[in-house]
Amino acid sequence: MFEEVAKTAEGDLVINVGPQHPATHGVLHLLITLNGETIKKVEPHLGYIHRSIEKMCESLTYRQFIYVTSRMDYLSAHINNHACALCVEKGMQIEVPDRAKVIRVLMDELTRIASHELWWGAMAMDLGAFTPFFHAFRERETINDIMEETCGARLTMNYMVPGGVMQDLHPDFQRRVKEFLVLYKRKIHEYDEMVTGNIIFQNRMKGVGYISPEDVISYGVTGPAARGSGVSSDIRKLYPYEIYDKLQFDEVLETAGDSFARYLVRLREMDQSIRIVEQLIDNIPEGDFQAKTKAVLKLPKGEFYTRVETARGELGVYIVSEGGTTPYRIKFRSPGFSNLSALDHMVRGGKLGDLVASMGTLDLVIPDIDR
Amino acid sequence: MYERIITVLPVKKIKEKKQNITVWSFADISKTIDQWLNDWVGATWATVFEMVIAGVCVIGLFALLGLVLVIMERKVAAWIQIRLGPNRVGPKGMLQSLADTVKLLVKEGMTPDGADKFLFNLAPFIAMIVAMLLMAPIAFAKDFQMWDLNVGVLYISAVSSISVISILMAGWASNNKYSLLGAMRSGAQIVSYELSAGLSVLAIVVLTGSLSLTDIIQSQQNGWWIFKGHIPVIIAFITFIIAVTAETNRAPFDLAEAESELTAGFHTEYSGMKFALFFLAEYVNVFIVCAIGATLFLGGWMPFHIGSWEGFNHVMDYIPSSIWFFGKTFFLIFLIMWFRWTFPRLRIDQLLNLEWKYLLPISMINLLLVTVMAIMGWHF
Amino acid sequence: MFITDYIKDVFGAMKSLGTGLKRTLYYFTHHKEIITQQYPDNRATLVLPDRFKGEVVMPHDEKNEHRCTGCTACELACPNGTIKVVTKFDITPEGKKKKAIDKLVYHLELCTMCNLCIVACPSDAIKMAQTFEHSVFDRSQLTKVLNKPGSKIMEGVE
């Protein structure tokens, strides 16, 4: 790092964006070398919100460690929990009832929509438009209310348990979700009116933060950020888990590779999630919501890996078990960390304003990067 | 000359109908006060007193406008963002900005260690003084003007360019990289947008043939310029609104502050009342540019008249001239607030592109059109 | 043609800005669409979802009896040491010793409302309460004893 700093030429401006900065949505520290307004280099510094979640998980039992993972990527808490539950089920070879599978997928997709809603508002706010943030929260709050009714919490639900879900669906769940679908369809065109079609917004986004498909692969970028460059990376399609292989939905792909393409991918992905919810909401099978499991879970000796598609990309859970009640080692492959690594490549040569636009479309959640 | 310094005092409503029924005038009152002061203390002291009264009025108006515009902005923002907005302090939250002012007053005004202390502390005052100076030639109502300058438009464009100095001064003296970037952005921005603002103002000057604001208002007695001047004046009006939005550093041109990029831009290091002065100056600047826009394009305090509808015109005359003026000004302020809460921010190169590639050529051609129109007498 | 492109550009831009302005003006004039609410001051009539996880409580009936046997299942299930069960030995009327709880200490400041203790409890002795205002001026007030003083275990709960 010392050599890097020494390389900065005379007259370069080195500014610290973060750890407390409105654009980073958390405690991310970016050391930016500027030449006037033009970015020469971006160096992300991590560690400000490191809570050693992986180490904490090693001292918790297989039932307990799931709740901690809600705090990683708090915007897709359900999906994180889901990944951990899947990994434990894989190790224990627990057969999950059909009803639980459908409930899990429904919750995942609702979480994905809620996460993208927040991203949409926050990204518009990064670009200086404050109003979309509150409009996005109208839909997001509806989902949060549904979550609150069924899971008892709005953000860190801890609803998935090994073998199924913790509680059965609330009797009002189907009605509330249908109400949400109506609201969403009534309001989604406003997103285009207020942001997508806006000429200022398009100029800010088009051609900004370009990343080629080759670079996407070499940086390990996943999720909507990769699909914006035309790289197929949807785990739900490539390695289907639960009932995703039986569902009708498309993997959204854009080929432009710039911020606007990533923006469109996320916006259209919400429509696909709505499609999945519509397919499932009237077809929730009857039955148990949780498989019968032993009181104390003990994974057999070995290594287990599962991957799911969160709202940001591929989340991998890797458990090494020594046969005890607690994991010997847990490693999370979080999407935010790899996506952040591509930021420097994206914004070099751009303006300071482009940094915000590119970072917004990567949809970084800092606790997910740092864990 | 001294009679020109005219002041307001709270005036009781005149209910007698037999008195002056047309547009009600401040001139009589100011003349009475002037007369009374002259009789009482003599000419020299009367001038001094009148100046003091005028000064107090300007400062009072300054503070009042700040309070009113802040609460207006917050309410407009809230309703656009489907929120309730401030509603706890006072009736319907109307005293919220007063409470905020008290908070800012009692806060410590810090000066950073590495800052240039003199310039750092001077900058907010320059911002405020510029805003106050700009109040002088504005006609708030019929015969109510602090200084009826014969080159009013020139004075306004000259003085308003000083405001960039306060921003540059604040940005440089703060010894902060964010502030410096913000100040440099703002310098480039204000200097460029002054051009198209000036050119669109020139369109009206060409049509009127006078630089005096009084003459410009008088020329709109038979209809406001925006109606009389066909499409060229409408284009000039649109360019003017865009340019002054940029000149006052408001979104979508708020690059000097650019919250998500530069935290707070040039006033990152300011706190307490020094910050409040910048804040106040911004709002008063918005008021002033809107007042100028209302004067030039919407007829200032002139009531709305439609051709030969005598009855309608007569009813419009009953509405006091100050209400006309403030109504038009606040309509323009609403426009600017509406822009702020709808659009994303431009990038710095796009901002300059917009000025040099779009607004400037358009307003130059437009000025040519207006000149031809004025020479040929094609306007109404 | 350059000029026509230029004019088309300008008008296209104006149109796209106009669409946004129209949308925000709609919301400015339609106050029925406002979605934010006041802080819930109406605590008497406020209804929270019945599954809302506010804090762990132990319901007592009118005879000041609870259902907790002191099995420490909740203590074991808790991921972060929120619950501490302090047991004692009661003397039953037959003269036998019986395990019972002395105190069930609950640290609200550590609790993450994960619901694992409620699920683990075999006798439904604890449940989640729908409270949401947990701020206090003194940290020690967050450490609560869930069983009321002088309370006893209900008849028939093993």
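Cut-offs used in this document
Residues numbered from 1 in each chain as written. Chains lettered and ligands numbered in written order. Predicted model: local features only at pLDDT ≥ 70, side-chain atom pairs only at ≥ 80, totals over all residues. Heavy atoms only, no water. Helix = DSSP H or I, 4+ residues; strand = E, 2+ residues; numbered from the N terminus. Rg over C-alpha atoms; globule rule 2.2 N^0.38 Å. Buried < 20%, exposed > 50% of the residue type's maximum accessible area, 1.4 Å probe, protein only. Contact = heavy atoms within 4.5 Å. Areas by Shrake-Rupley, 256 points an atom, 1.4 Å probe, with all protein chains shown as cover. Pairing = 2+ DSSP bridges. Axes fitted to C-alpha atoms, helices over the stretch in contact; angles between N-to-C directions. Arc of directions from axis to C-beta. Phe/Tyr/Trp six-rings, centres within 6.5 Å; stacked < 30°, edge-to-face > 60°. Lys NZ or Arg CZ within 6 Å of the ring centre and 35° of its normal. Core = buried A, V, L, I, M, F, W, Y, C linked by side-chain atoms within 4.5 Å. Disulfide = S-S within 2.5 Å. Buried area = accessible area lost by both parts, 1.4 Å probe. Salt bridge = Lys/Arg side-chain N within 4 Å of Asp/Glu carboxyl O. Polar contact = N/O pair within 3.5 Å; in protein donor to acceptor, adjacent residues only side chain to side chain. Nonpolar A, V, L, I, M, F, W, Y, C, P; charged D, E, K, R; others polar. Domains from an automatic or database assignment.

### What about the overall build of chain C?
What chain C contains, in helices and strands, is three helices and seven strands. Going from the N terminus to the C terminus, chain C shows its helices and strands as α-β-β-α-β-β-α-β-β-β. Taken against the 2.2 N^0.38 rule, which gives 15 Å for 158 residues, the C-alpha radius of gyration of chain C at 28 Å runs more than 25% over that of a compact globule. The 158 residues of chain C split such that 37% are buried. By sequence separation, contacts in chain C at least 24 residues apart represent 70% of the contacts at least 6 residues apart. Accessible surface, chain C as shown: approximately 10,100 Å² in total, 58% of it carbon and sulfur.

### Thoughts on the sheet that holds strand β1 (residues 13-17) of chain A
Strand order in the open sheet formed by three strands is β1-β2-β3 (chain A), and the pairing between neighbours is antiparallel. Each edge of the open sheet carries a strand with a single partner, namely β1 and β3 (38-45) of chain A. Within the sheet, the average angular offset between the axes of one strand and its neighbour, ignoring direction, is 20°. Against the sheet, helix α15 (residues 352-362) of chain A touches β1, β2 (29-35) and β3 of chain A, its axis set at about 145° to β2(A). Contacting β1 and β2 of chain A, helix α7 (residues 177-208) of chain B crosses the sheet at an angle of about 110° to β1(A).

### Things to note about the pairing of strand β8 (residues 329-333) of chain A
Residue and element names in this part refer to chain A. What you see with β8 is a clean split: Ile 330 and Phe 332 sit on the buried side and Arg 329, Lys 331 and Arg 333 on the side with no burial. Relative to β8, strand β7 (residues 314-321) runs antiparallel, the two sharing five bridges. By the bridge assignment for β8, Ile 319 is matched with Ile 330.

### Side note on helix α5 (residues 152-160) of chain B
Residue and element names in this part refer to chain B. Restricting attention to buried positions, one finds in α5 the residues Gly 152, Val 153, Tyr 155, Ile 156, Val 159 and Ser 160. The arc enclosing the buried residues of α5, seen along the axis, measures out at 160°, which places them on a common side. On its buried face, α5 sits against α4 (117-133), α6 (163-173), α7, α8 (213-218), α10 (230-247) and α12 (272-297).

### Examining the packing of aromatic side chains
Tallied over the full model, the rule gives 32 aromatic pairs over all chains. Here the aromatic rings of B:Trp36 and B:Trp40 are separated by 5.4 Å at their centres, their planes lie at 15°, and the arrangement is stacked. One end of the pair is B:Trp36 and the other is B:Trp40, both in helix α1 (residues 27-41) and four residues apart, which spans about a single turn. A relative accessible area of 53% places B:Trp36 in the exposed class. An aromatic cluster of three or more residues is present, and its members are A:Trp119, A:Phe201, A:Phe260 and A:Tyr263. Looking at A:Arg140, its charged tip hangs above the ring of A:Phe137, at a distance of 5.9 Å from the centre. One Lys or Arg, A:Lys237, reaches over the ring of A:Phe249 and ends 4.5 Å from the middle of that ring.

### Notes on the nonpolar core
As a rule of thumb, nonpolar side chains are buried together in soluble globular proteins. Of all hydrophobic cores here, the largest spans 110 residues; its most connected members are B:Leu296 and B:Phe297. Take this core: its biggest share by element is 16 residues, from α12(B). Contact partners of B:Phe297, with chain neighbours within four places excluded, come to B:Ser200, B:Ile204, B:Gln220, B:Trp224, B:Trp225, B:Ile226, B:Val233, B:Ala236, B:Phe237 and B:Phe240. Membership of the second largest hydrophobic core comes to 85 residues, among which are A:Cys151, A:Met194, A:Val195 and A:Leu264.

### Quick notes on the state of the cysteines
Residue and element names in this part refer to chain A. The final tally for this structure, using the stated rule, is zero disulfides over all chains. Cysteine Cys 87 remains unbridged, with the sulfur of Cys 84 as its closest cysteine sulfur at 7.5 Å. Here Cys 87 falls in the buried class, since its relative accessible area comes to 0%.

### As for the interface of chain A and chain B
The interface is formed by 33 residues belonging to chain A together with 24 residues belonging to chain B. Of the roughly 2,600 Å² buried between chain A and chain B on both sides combined, carbon and sulfur atoms contribute 62%. Across the chain A-chain B interface, the total number found is two salt bridges. Here A:Glu37 ties to B:Arg185 by a salt bridge, and the two come within 2.4 Å at their closest N and O atoms. The interface formed by chain A and chain B holds nine residue pairs in polar contact (both at pLDDT 80 or more) in total. Listing elements by their share of the side of chain A that touches chain B, those giving two or more residues are β1, α5 (98-126), α6 (131-151), α8 (199-205) and α15 of chain A. With five residues, β1(A) is the single largest residue contributor to the side of chain A that touches chain B. Of the residues belonging to the side of chain A that touches chain B, the class tally is 17 nonpolar, 10 polar and six charged.

### Comments concerning the sheet that holds strand β3 (residues 83-91) of chain C
Paired through their backbone hydrogen bonds, the strands of a sheet run either parallel or antiparallel. Residue and element names in this part refer to chain C. Across the sheet, which stays open at both edges, the three strands sit in the order β3-β4-β6 with antiparallel pairing between neighbours. Unpaired on one side and paired on the other, β3 and β6 (143-145) mark the two borders of the sheet. With strand direction ignored, the average angle separating the axes of adjacent strands in the sheet is 25°. Direction of pairing for strand β4 (residues 97-107) relative to β6: antiparallel, over a ladder of three bridges. Among the inter-strand pairings, His 107 is bridged to a residue of β6, identified as Thr 143.

### Comments concerning the pairing of β3(A)
Residues and elements named next belong to chain A. The pairing of β2 with β3 spans seven bridges and is antiparallel. Each bridged residue has a counterpart across the sheet, and for Thr 33 the counterpart in β3 is Lys 41. The hairpin turn running from β2 into β3, its antiparallel successor, is two residues long, and Gly 36 in that turn takes a positive phi close to 70°.

### Considering the domain arrangement of chain C
When the domains of chain C are assigned, the result is domain 1 (2-33) and domain 2 (55-153). Spacing between the C-alpha centres of domain 1 of chain C and domain 2 of chain C amounts to 60 Å.

### Examining unusual backbone geometry
Look at A:Glu242: it is not a glycine, yet its phi comes out positive at around 50°. Note that A:Glu242 resides in the loop between α11 (235-238) and α12 (259-281). A positive phi angle, close to 60°, is found at B:Asn249, a residue other than glycine. Along the polypeptide, B:Asn249 turns up in the loop between α10 and α11 (259-262). The exposure class of B:Asn249 is buried, given its relative accessible area of 4%.

### Some thoughts on the interface of chain C and chain A
Each side of the interface is counted separately: chain C has 26 residues, and chain A has 31 residues. Both faces considered, chain C and chain A share a buried interface measuring about 2,300 Å² in area, 56% of it formed by carbon and sulfur atoms. When the buried surface of chain C facing chain A is broken down by residue, C:Arg23, C:Tyr27 and C:Arg51 rank first, second and third, together holding 27% of it. The interface formed by chain C and chain A includes three salt bridges. With its nearest N and O atoms 3.3 Å apart, the salt bridge here joins C:Arg23 to A:Glu190. At the level of elements, α1 (2-29), α2 (73-77) and α3 (116-120) of chain C are the ones that each hand at least two residues to the side of chain C that touches chain A. A total of eight residues in the side of chain C that touches chain A trace back to one element, the largest contributor, which is α1(C).

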